[in-house]
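If you want the building blocks of each chain, they are given just below.
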Amino acid sequence: MLDNFSDLAPVLELLDWRIILYLTLSLVILLIAKLVNQALSGYKLNEQITHIDNKAIALSFAGFVLAVGIILSGVLNSPSSTDTTTLVADLTNTAIWGAIGCAMLLLSRWFNDKCVLPQFSTKRELVTDKNVGVGAVQAAVYLTTALIIRASIAGEDIYTLPVEIGLSFLWFAISQTLIFAFSKLYSSFIDKTLHSQLEQDNAATGVAFGGALFSYGLLISFYITRFDGILGLLIWALVSAILLCITRLVVDKMLLPSCHLNKEIADDSNWGAALIEVATSVGAALIITGSFS
């Protein structure tokens, strides 16, 4: 490292003027995604966040913005030519996949409303009740979906664009189904139903469940990045769900032996216990994926 102490070549490479073009395009995509999200949500984001101080919607929208960033980072990191003659084509490709990724995010919100949390109106919970727990779950669905989209668009394009788009939507549909199945398994792991806790404005439950979804997304996206078999993905999804459930038991019995995790989160709305569960599940997912490097 000391031999290259005065080498400025890496810095000059990082100061490539084309970065400004990609950054500008990404910001335009984010702005359009924000406007479309607002139009479909049925409420004004600026009013809810700045005038009403609705932290539930702020949390949900923060998850959406971060999810868009994850998707765009995957698009920009995918293999592409650095030849200036293909710059327009590369920017066009970035715009297309950025738009597709944002469309999938909006579909994931509809999926969250109809399948993951079908027993109440998420719009009412967010806007009227300012339910932070529901906001956390919606943010987690955005982030989980973004991880999977990022994984599905990574790698070399070996098919035509329509085929690549079709395959991405196939992975999206499968992953959303897996998220639904995992949500049911997670709900069976707690003493009270997930819906009843969230409807009672239990933010700790939303945070814990959101963290579990994100951890699951890390594991699923890891598989999609490395492999492309659907049967293998289904098996890995089951193994991942079991491992995360085991992790939750470990937290309950070993890390917090003097308290019952379900009771702390469900009855006492204990944010601290929820955050410990989130940190442990995400950490376990990172360790599992890192073990295969």
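Residues numbered from 1 in each chain as written. Predicted model: local features only at pLDDT ≥ 70, side-chain atom pairs only at ≥ 80, totals over all residues. Heavy atoms only, no water.

Note the cut-off: UniProt positions are given in the numbering used here, feature names are shortened, and annotations may be inferred rather than shown by experiment.
Per an unreviewed UniProt entry, the protein goes by the name DUF350 domain-containing protein and belongs to Rubritalea spongiae. Looking at the protein in UniProt, the text filed under Sequence similarities (unreviewed entry) is "Belongs to the UPF0719 family."

### A look at the overall build of the protein
For the record, the criterion: Numbered from the N terminus, helices here are DSSP runs of H or I no shorter than four residues, and strands are runs of E no shorter than two. Contacts are assigned to residue pairs with any non-hydrogen atoms lying within 4.5 Å of each other. In this description, accessible areas are obtained by the Shrake-Rupley approach with a 1.4 Å probe, and a residue is regarded as covered only by the protein chains that are shown.
The number of helices and strands found in the protein is 13 helices and zero strands. When the elements of the protein are put in sequence order from the N terminus, they spell out α-α-α-α-α-α-α-α-α-α-α-α-α. Pairs at least 24 apart in sequence give 79% of the contacts found in the protein among residues at least 6 apart. With an accessible surface of roughly 14,700 Å², the protein has 67% of that area assigned to carbon and sulfur atoms.

### Regarding a nonpolar patch on the surface
Here is the rule we go by: Like charges within 9 Å and nonpolar side chains (Val, Leu, Ile, Met, Phe, Trp, Tyr) within 5 Å are joined into patches, using only residues over 30% in relative accessible area that form no salt bridge. The term salt bridge refers to a side-chain nitrogen of Lys or Arg lying within 4 Å of a carboxyl oxygen of Asp or Glu. A 1.4 Å probe rolled over the protein chains alone gives each residue an accessible area, and that area as a share of the maximum for its type sets the label: buried under 20%, exposed over 50%, partly exposed in between.
On the surface, a nonpolar cluster with roughly 640 Å² of combined accessible area is contributed by Val 163, Leu 167, Leu 170, Ile 230, Leu 231, Leu 234, Ile 235 and Val 239. Looking at the nonpolar patch, the element that brings in the most residues is helix α11 (residues 230–255), giving five residues. Mapped onto the fold, Leu 231 is located in helix α11. What makes Leu 231 exposed here is its relative accessible area of 61%.

### Quick notes on the packing of aromatic side chains
Going by this rule: Two rings from Phe, Tyr or Trp (for Trp, the six-membered ring) form a pair when their centres are within 6.5 Å of each other. A pair whose planes differ by under 30 degrees is stacked, one over 60 is edge-to-face, and the rest are tilted.
Inspection of every chain in the model, using the stated rule, returns eight aromatic pairs. Here Phe 222 and Trp 236 contribute two aromatic rings whose centre-to-centre distance is 5.8 Å and whose plane-to-plane angle is 50°, an arrangement assigned as tilted. Here Phe 222 is found in helix α10 (residues 203–226), whereas its partner Trp 236 is found in helix α11, with 14 residues between them in sequence. Residue class for Phe 222 comes out buried when judged on its relative accessible area of 13%. Plain terms: the ring middles of Tyr 223 and Phe 227 are 5.0 Å apart, the flat faces sit at 45° to each other, and that makes the pair tilted. Taking the relative accessible area as the measure of exposure, Tyr 223 reaches 11% and is therefore buried. The class for Phe 227 is partly exposed, based on a relative accessible area of 42%.

### Here's the deal with the packing of helix α5 (residues 87–116) against helix α8 (residues 161–188)
Packed helices, taken two at a time, are described by the angle between their axes plus the distance between the axes. Here is the rule: Inter-axis angles, ranging from 0 to 180 degrees, are taken between N-to-C directions of lines fitted to C-alpha atoms, where helices are fitted over the stretch in contact. Small angles under 35 degrees read as roughly parallel and large ones over 145 as roughly antiparallel, with 65 to 115 read as roughly perpendicular and the rest as oblique. By convention, the crossing between two helices is left-handed when the near helix turns anticlockwise from the far helix through less than a right angle, and right-handed when the turn is clockwise.
α8 packs onto α5 with a crossing angle of 25° between their chain directions and a minimal axis gap of 11 Å. The orientation of α5 with respect to α8, classified from their angle, is roughly parallel. Where α5 crosses over α8, the two elements pack in a sense that is right-handed. Where α5 abuts α8, its residues Ile 96, Trp 97, Ile 100, Met 104, Leu 107, Ser 108, Phe 111, Cys 115 and Val 116 lie against Leu 161, Glu 164, Ile 165, Ser 168, Phe 169, Phe 172, Gln 176, Thr 177, Ile 179, Phe 180 and Ser 183.

### Let's talk about the nonpolar core
Rules: Residues grouped as a nonpolar core are buried Ala, Val, Leu, Ile, Met, Phe, Trp, Tyr and Cys residues, joined through side-chain atoms within 4.5 Å.
Within the largest apolar cluster, 76 residues are counted, with the highest numbers of intra-cluster contacts made by Phe 64, Leu 105, Leu 213, Tyr 216, Ile 220 and Leu 233. Among the elements that line this core, the one with the most residues is α10, at 13 residues. Ignoring anything within four residues of it in the chain, the contact list for Tyr 216 reads Leu 178, Ile 179, Phe 182, Ala 237, Ser 240, Ala 241 and Leu 244.

### Focus: the side chain of Thr 247
One can find Thr 247 in helix α11. Non-local contacts of Thr 247, meaning those with residues more than four positions away in its chain, are made with Thr 280, Ser 281 and Ala 284.

### Looking at the packing of helix α7 (residues 132–152) against α8
Defined as follows: Under the scheme applied, nonpolar residues are Ala, Val, Leu, Ile, Met, Phe, Trp, Tyr, Cys and Pro; charged residues are Asp, Glu, Lys and Arg; polar residues are all the others, including Gly.
Relative to each other, α7 and α8 sit at 145°, their axes nearing to 10 Å. For the element pair α7 and α8, the recorded crossing hand is right-handed. Residues Thr 144, Thr 145, Ile 148 and Ser 152 of α7 touch α8, and the partners they reach there are Ser 168, Trp 171, Phe 172, Ser 175, Gln 176 and Ile 179. Residues belonging to the contact of α7 with α8 are distributed by class as follows: four nonpolar, six polar and no charged.

### What to know about the UniProt feature "transmembrane region" (unreviewed entry) in the protein
The UniProt entry lists residues 20–36, 56–75, 95–111, 132–153, 165–182, 203–224, 230–251 and 271–292 under the feature "transmembrane region" (unreviewed entry), expressed in the numbering used here. Span residues 95–111 is 100% helix and 0% strand, its end C-alpha atoms 24 Å apart. Within residues 271–292, the helical portion is 91% and the strand portion 0%, while the C-alpha atoms at the span's ends are 32 Å from each other.

### Things to note about the pattern of salt bridges
The tally for this structure, following the rule as stated, stands at two salt bridges. One salt bridge in this structure joins Glu 125 and Arg 124, with 3.5 Å as the shortest N-O distance. Residue Glu 199 pairs with Arg 124 through a salt bridge whose shortest N-O separation is 3.9 Å. Of this pair, Glu 199 sits in helix α9 (residues 194–199) while Arg 124 sits in helix α6 (residues 122–127), and the two are 75 residues apart along the sequence. Here Glu 199 falls in the partly exposed class, since its relative accessible area comes to 39%. Salt bridges here are not isolated pairs; linked through shared partners, they connect Arg 124, Glu 125 and Glu 199.

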